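Breakdown of the fold
The lines below spell out each chain.
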Protein chains: 2
Amino acid sequence: MTSSRATLIDVAQRAGVSLASTSRALHGTGASKTMVERVRAAAAELGYSPDAAGRTLRMKKTFQVAFAVADIGNPVYVEMLAAIHEVVSPHGYRVVVMSTGDTVSSTVDLVRSMGSGFVDGLIVSPLRTGDELAHEIRRAPVPVVVIGRPFAGEIDSVSTDSAAGIGLAVEHLLALGRRRIAFVNGPLDTTPGAARQRGFDTATAAPTFSAERVATEVADDFTVSAGREAARRLLGPSSAQAEPTRPPFDAVVAANDLLAIGVIRAADDLGLSVPGDVAVTGMDDTELGQVFKPSLTSVSLGSAERGRAAARLMLDRVEAGDPQPQHVAIGPRLQVRESTAPAQPSTRDQGGTR
Amino acid sequence: MTSSRATLIDVAQRAGVSLASTSRALHGTGASKTMVERVRAAAAELGYSPDAAGRTLRMKKTFQVAFAVADIGNPVYVEMLAAIHEVVSPHGYRVVVMSTGDTVSSTVDLVRSMGSGFVDGLIVSPLRTGDELAHEIRRAPVPVVVIGRPFAGEIDSVSTDSAAGIGLAVEHLLALGRRRIAFVNGPLDTTPGAARQRGFDTATAAPTFSAERVATEVADDFTVSAGREAARRLLGPSSAQAEPTRPPFDAVVAANDLLAIGVIRAADDLGLSVPGDVAVTGMDDTELGQVFKPSLTSVSLGSAERGRAAARLMLDRVEAGDPQPQHVAIGPRLQVRESTAPAQPSTRDQGGTR
DNA sequence: GTGAAAGCGCTAACAC
DNA sequence: GTGTTAGCGCTTTCAC
């Protein structure tokens, strides 16, 4: 037994046949039964497994796809990753995790790095986008699927309508009789931040919209602690009062679940009950929100579905030819739970689907 | 401009120098200043980027490491992944995410697949282990670092002492005056399940240990819903009673944060307060537990630290020579929070470190 | 159905 | 300091 791994040549010699026949036999393409048997046996004896690099160099195919996001710790991206892995893995593809970085230029660099050809395709969900990025994606040497902003017509993409999703949340609160509605958003210069702000502004500007008071508070980040701070500013007493008074808002729409949980914690800090004093909605429908107490009413953006859709688009591109750029849209869905339960009735809503 | 990507040969021709000089110039090894300039310019004009497959085939180096776990959705593994990525990425390595599957044999298959040489090393945290797996890891053609069970002396590994961690939790509850202590564990045939059970049994068998009542309830899985069901069995009235009575236990040690949150939800279902009626501890110190209400006292097993340590071990192996198998241990640390706050005093502990 | 041989893109001897 | 050349392991024409 040699010290290094066995190669195809070793197998060929062992089986006493040519290199070409060995390759064919192992792939089951145009080889006689006896040939296949002989080669299989030799391969098994040698513990042969084909070398990925040699194959890649020859076939120009890595059987790898990259998935890149800014923060792989974010539950939304974790769900996407799991979904992508689940879809491509049975087709023999591996998943390489990469980071887009926070900025457009770092994302451009990432796309540019595809030039080394270490993956067959890239699925990317950029936090920030721009024309340069779109340009770079179009000229990328491998297929790219974007999850997020729909680059209409030019680039494969999977989108959702988070703006409409915010609208769903606002409607829901209005239907519940809430009339003083605040929005806690994350940074406005991000793609999701901008879209969700647009959604809130549109919803509250509709002719049918009626509310006593409306406001937006921008948190420093899409995190629990940033949400908590933002909500303290929003819900706290305007002057230094010790007694808890009627809060300025009876409902808060948060731009994601993490912010929403921060809002609930802040309400708690201020002695306000949720949903009694303040109803709260989140977005992304994470497991975190589902198990939280009170469980969180949240707008699902179908993270797993988007991941699956992106993965399928990628497989289409990579396995099949070069179809027209495709665009898949996943609609937002409101999941009503405890954090917006009606104040009066004794019924307790929990985990329901609208 | 050719339709396909530019190769080193293209750059060499463009610069009017040899292939070897081009390669050297691009790597900055033994090339004159003018040569470097010429080659750099040519490469830039052609938009050249080196092909990963060619380089891998020649150097026998992929600049990739694999990270494999059973469930990439688990927050603990997500933290490890993020940490590993953070460590290896600056050294030019990519991270490939893989699945071990639930069983020993699927994990063996995973290790065996390293034979294709698509990564330079494997970091794996198996849910279930056995001698066959240890054997397979030892004969793997690439370095393997195991996070979890310490295969003493033979295999690079990063471990923690979750058994001792459970001991920390038991001690803490005892010090708080709790005397009827239950343990909610996950499946006992998993590595973590077995270790934590051992920890609980050891802690409650110590000569110094004094409690009125001790019990273990095994949940079907390490999840919130399984924890909730297990805790219902444990804390619920033995017969069909409507009135909430004194619960059979005043403290529950859970084998991880997810189970702990299930326990708290069950307590809530049964009208019991946490920590008033029942104190609850978790394990893994996840963000979920930190933002939960009440925030969760939890034993940190240093997921991120373990990920970092494993990544460094891997880099040592891959970059440097072949040192002795190394073993890194990360000690458990108790993080005391609201879910075990003393019943009487009005002080509210929150997020403190012991 | 089988074998011989070319060549994917790169790096590292080896000569000069 | 620079050029020539071999060869990593594989698939795939191309002849037979």
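Preceding this section is the structure that the text describes.
The rules we used
- Residues numbered from 1 in each chain as written.
- Chains lettered and ligands numbered in written order.
- Predicted model: local features only at pLDDT ≥ 70, side-chain atom pairs only at ≥ 80, totals over all residues.
- Near = placed C-beta within 6 Å.
- Helix = DSSP H or I, 4+ residues; strand = E, 2+ residues; numbered from the N terminus.
- Nonpolar A, V, L, I, M, F, W, Y, C, P; charged D, E, K, R; others polar.
- Pairing = 2+ DSSP bridges.
- Axes fitted to C-alpha atoms, helices over the stretch in contact; angles between N-to-C directions.
- Contact = placed C-beta atoms within 7 Å.

Details of the protein's contact with DNA strand C
- Around DNA strand C, 23 residues are found, and the nearest of them are A20(A), S21(A), L8(B), D51(B) and G54(B).
- Every element with two or more residues in the surface near DNA strand C is listed here: α2 (19-27) and α4 (52-59) of chain A together with α2 (19-27) and α4 (52-59) of chain B.
- Sort the elements by how many residues they give to the surface near DNA strand C and α4(B) lands first, with five residues.
- For the surface near DNA strand C, a count of residues per class yields 12 nonpolar, seven polar and four charged.

Thoughts on unusual backbone geometry
- Cis geometry is found at the peptide bond from V274(A) to P275(A), where omega equals 10°.
- If you trace the backbone, P275(A) turns up in the loop between α11 (257-269) and β9 (279-283).
- Look at the link from K293(B) to P294(B): it is a cis peptide, with omega at 0°.
- Relative to the helices and strands, P294(B) is located in the loop between α12 (287-291) and β10 (297-300).

Comments concerning the protein's contact with DNA strand D
- DNA strand D sits among 24 residues. The nearest are L8(A), D51(A), G54(A), A20(B) and S21(B).
- Breaking the surface near DNA strand D down by element, the ones donating at least two residues are α2 and α4 of chain A together with α2 and α4 of chain B.
- Looking at the surface near DNA strand D, the element that brings in the most residues is α4(A), giving five residues.

Quick notes on the sheet that holds β10(B)
Residues and elements named next belong to chain B.
- Here six strands make up an open sheet; going across it, the order is β7-β6-β8-β9-β10-β12 and the pairing mixed. Each edge of the open sheet is held by one strand with a lone partner, namely β7 (213-218) and β12 (333-335). Going from strand to strand, the sheet's axes swing by 20° on average, the running direction of each strand aside.
- With four bridges joining them, strand β6 (residues 180-185) and strand β8 (residues 251-254) adopt parallel strand pairing. In the strand pairing of β8, F183 is matched with V253.
- The strands touched by helix α9 (residues 191-205) are β6, β7 and β8; relative to β6, the strand with the most contacts, the crossing angle is about 170°.
- Helix-sheet contacts for helix α11 (residues 257-269) involve β6, β8, β9 (279-283) and β10, and the interaxial angle to β9 is about 160°.

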